[in-house]
Amino acid sequence: MVGSVVFRIERRCPLPAAEAWRRVTDWERHAALVPLTTAVVTGERSFTARTGLGRVAVDDPMEIVRWEPPDADRPGRCRLEKRGRTVLGWAEIEVWPGEDGGSRVVWREDVRVRPLPRAFDRPTQWAGRLLFGRALDGLLARAHQ
């Protein structure tokens, strides 16, 4: 039976919510921060992340099913549905304006990788938190413009 992994990552940053939103929804930049990964925008509301080398790669096609940029009164919310043969599930990104002018970013993901059995859930969860946590840190870093 295929396992399912859910994880959550949260970061606070000094960036205003609009800038944090712009950065965390820059799909090509995401891919540049995940090893061996590229991203190709395939439509107005879709893109594919490809991880691997050459013919040994996994495609992760995603569709943006919710897109609500932040404003002064509410957080920004984006939901991605994974539509691939190998990688299934969803990801949700929220960007909350902070009282100090900064923001709080919350990333939740539910991922299933076929054909990995449930025995791989914990290592997959650990790897997801590590990889996406580092990617989020890179996207929100001051040096990134």
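Below: a short report on this structure.

About the thresholds
- Residues numbered from 1 in each chain as written.
- Predicted model: local features only at pLDDT ≥ 70, side-chain atom pairs only at ≥ 80, totals over all residues.
- Heavy atoms only, no water.
- Core = buried A, V, L, I, M, F, W, Y, C linked by side-chain atoms within 4.5 Å.
- Buried < 20%, exposed > 50% of the residue type's maximum accessible area, 1.4 Å probe, protein only.
- Helix = DSSP H or I, 4+ residues; strand = E, 2+ residues; numbered from the N terminus.
- Contact = heavy atoms within 4.5 Å.
- Polar contact = N/O pair within 3.5 Å; in protein donor to acceptor, adjacent residues only side chain to side chain.
- Salt bridge = Lys/Arg side-chain N within 4 Å of Asp/Glu carboxyl O.

## With respect to the nonpolar core
Then, number 1: In terms of nonpolar packing, the biggest core is built from 25 residues, with Leu80, Ile93, Val95, Val105 and Leu140 touching the most fellow members.
Then, number 2: When contributions to this core are tallied by element, the ones reaching two or more residues are β1 (5–13), α1 (17–24), β3 (46–53), β4 (56–68), β5 (76–83), β6 (87–97), β7 (103–113) and α3 (121–140).
Then, number 3: Here valine 95 is in contact with Ala17, Ala20, Trp21, Val24, Pro70, Pro75, Gly76, Ser103, Arg104 and Val105, once residues within four sequence places are set aside.

## Some points on the side chain of aspartate 60
Then, number 1: As for its position among the elements, aspartate 60 is in strand β4.
Then, number 2: On the accessibility criterion, aspartate 60 (11% relative accessible area) is buried.
Then, number 3: Polar contacts involving the side chain of aspartate 60 include one to the side chain of lysine 82, which spans 2.8 Å.
Then, number 4: Leaving out residues up to four positions away in the same chain, aspartate 60 has contacts with Phe47, Thr48, Ala49, Lys82 and Val87.

## Let's talk about the pattern of salt bridges
A side chain of one charge can pair with a side chain of the opposite charge when the charged atoms of the two come close.
Then, number 1: All told, the structure shown has 18 salt bridges when counted by the stated rule.
Then, number 2: The salt bridge partner of arginine 50 is aspartate 59, with a shortest N-O separation of 2.6 Å.
Then, number 3: Measuring nitrogen to oxygen at the nearest pair gives 3.2 Å for the salt bridge that ties lysine 82 to glutamate 109. With lysine 82 in strand β5 and glutamate 109 in strand β7, this residue pair connects regions lying 27 residues apart in the sequence. For the pair lysine 82 and glutamate 109, a shared accessibility class is recorded, and that class is buried.
Then, number 4: A cluster of three or more residues bridged by salt bridges with shared partners is formed by Arg77, Arg79, Glu81, Glu92, Glu94 and Arg108.

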